[in-house]
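If you want the building blocks of each chain, they are given just below.
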Amino acid sequence: MHSLLRISGCALLVLLAVRTEAAKVELTHYERLVVASCLVLEAASEGTEGMQAVLNVINNRAGGDMTRVMGVVSRPKQFSALNSATASTNPDYGPIIERATQDPLFSEAYALVQRLEAGELDDITDGADHYHADKGAEKPYWSVSMEPTRKIGLHNFYRSGQMSTSLVARIE
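About the cut-offs
Residues numbered from 1 in each chain as written. Predicted model: local features only at pLDDT ≥ 70, side-chain atom pairs only at ≥ 80, totals over all residues. Heavy atoms only, no water. Helix = DSSP H or I, 4+ residues; strand = E, 2+ residues; numbered from the N terminus. Contact = heavy atoms within 4.5 Å. Areas by Shrake-Rupley, 256 points an atom, 1.4 Å probe, with all protein chains shown as cover. Buried < 20%, exposed > 50% of the residue type's maximum accessible area, 1.4 Å probe, protein only. Pairing = 2+ DSSP bridges. Salt bridge = Lys/Arg side-chain N within 4 Å of Asp/Glu carboxyl O. Axes fitted to C-alpha atoms, helices over the stretch in contact; angles between N-to-C directions. Parallel < 35°, antiparallel > 145°, perpendicular 65-115°, else oblique. Left-handed = near helix turned anticlockwise from the far one by under 90°. Nonpolar A, V, L, I, M, F, W, Y, C, P; charged D, E, K, R; others polar. Expected span 1.5 Å × (residues − 1).

Student: Before we move on, could you go through the overall build of the protein chain and cite the residues and values that matter?
Tutor: Broken down by element type, the protein chain carries eight helices and three strands. Listing every helix and strand of the protein chain by position from the N terminus yields α-α-α-α-α-α-α-β-β-β-α. Put simply, 65% of the contacts in the protein chain that link residues at least 6 apart link residues at least 24 apart. A total of about 10000 Å² of accessible surface is found on the protein chain, and carbon and sulfur atoms cover 55% of it.

In structure tokens form, the structure reads like this:
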């Protein structure tokens, strides 16, 4: 019985180590470039706060799971600035990254992504998982069933409630 406890204790230590490593999932440098490019091209006009809010939406859609962030960003027709790449089955983000890195706020966007990975990024959108630019036209059809959470510059943010598991699965 004593040796069984020792084995169980060792197994527990291994499980804790594996769980700790899983919690430290990070994006690759390329993935950070893609996400930061999305932030710049979607919201640099709203400054750091606007880019952070878009990153909060991405993270909220991913359920706070860093392994799902690229799936959220690369999903077709989710971020208009990326539509030229995400419309393809083999997206080429090179031109998007090249354009975004020319923006003076790119380094701030990249730093926001790193803060998200480190668990140091507050959600300033109150759980929003959708947003749109307010261009003076009618609100998008999908916003009618959602709860408005914030307005940052020209972007309106919404929370749809609990994301269904089928939606999360489609994002991946």
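Student: Explain the pairing of strand S3 (residues 155-159) residue by residue, including any values.
Tutor: Counting buried residues along S3, four of its five residues qualify, which places the element largely inside the surrounding structure. As judged from the four bridges shared by strand S1 (residues 130-133) and S3, these two strands associate in the antiparallel manner. Across the sheet, residue histidine 130 finds its bridge partner in S3, namely tyrosine 158. Pairing geometry for strand S2 (residues 147-152) and S3, over five bridges, is antiparallel.

Student: Tell me what's going on with the pattern of salt bridges, and back it up with residues and numbers.
Tutor: Per the counting criterion, the structure on display carries seven salt bridges. For glutamate 26, the salt bridge goes to arginine 32, with nearest N and O atoms at 3.8 Å. For glutamate 26, a relative accessible area of 56% puts it in the exposed group. In this structure, arginine 159 and aspartate 126 form a salt bridge, with 3.4 Å as the shortest nitrogen-oxygen distance. Placement of arginine 159 in strand S3 and of aspartate 126 in the loop between helix H7 (106-117) and S1 is noted, with a sequence separation of 33 residues between them. Owing to a relative accessible area of 22%, arginine 159 belongs among the partly exposed residues under this scheme. For aspartate 126, a relative accessible area of 47% gives the class partly exposed.

Student: Give a description of the packing of helix H2 (residues 29-43) against helix H3 (residues 47-61) that names residues and reports values.
Tutor: Interhelical geometry of H2 versus H3 gives an angle of 125° and a closest axis separation of 9 Å. Taken together, the axes of H2 and H3 are oblique relative to one another. Read as a crossing pair, H2 and H3 show a hand that is right-handed. Taken together, the residues of H3 that come into contact with H2 (itself represented by Val35, Cys38, Leu39, Val40, Glu42 and Ala43) are Gly47, Gly50, Met51, Val54, Leu55 and Ile58. Class assignment for the residues of the contact of H2 with H3 results in nine nonpolar, two polar and one charged.

Student: I'd like a description of H2, backed by residues and values.
Tutor: Note on helix geometry: an α-helix contains 3.6 residues per turn, so any two residues three or four positions apart are oriented the same way. For H2, spanning 15 residues, the distance from its first C-alpha to its last is 21 Å, which sits close to the expected 21 Å at 1.5 Å a residue. Within H2, eleven of the 15 residues are buried, which leaves it mostly tucked inside the rest of the structure. Structurally, H2 contributes buried residues whose contacts are with H3, helix H4 (69-73), helix H6 (94-100), H7, S1 and S3.

Student: So what's going on with unusual backbone geometry? Residues and values would help.
Tutor: Across the chain, the bulk of peptide bonds are trans and the bulk of non-glycine residues have phi less than zero. Even without being a glycine, lysine 77 presents a positive backbone phi close to 65°. In this fold, lysine 77 is placed in the loop between H4 and helix H5 (83-86). In this structure lysine 77 comes out as exposed when scored by relative accessible area, which is 73%.

Function cannot be inferred from these measures alone, as they are strictly geometric.
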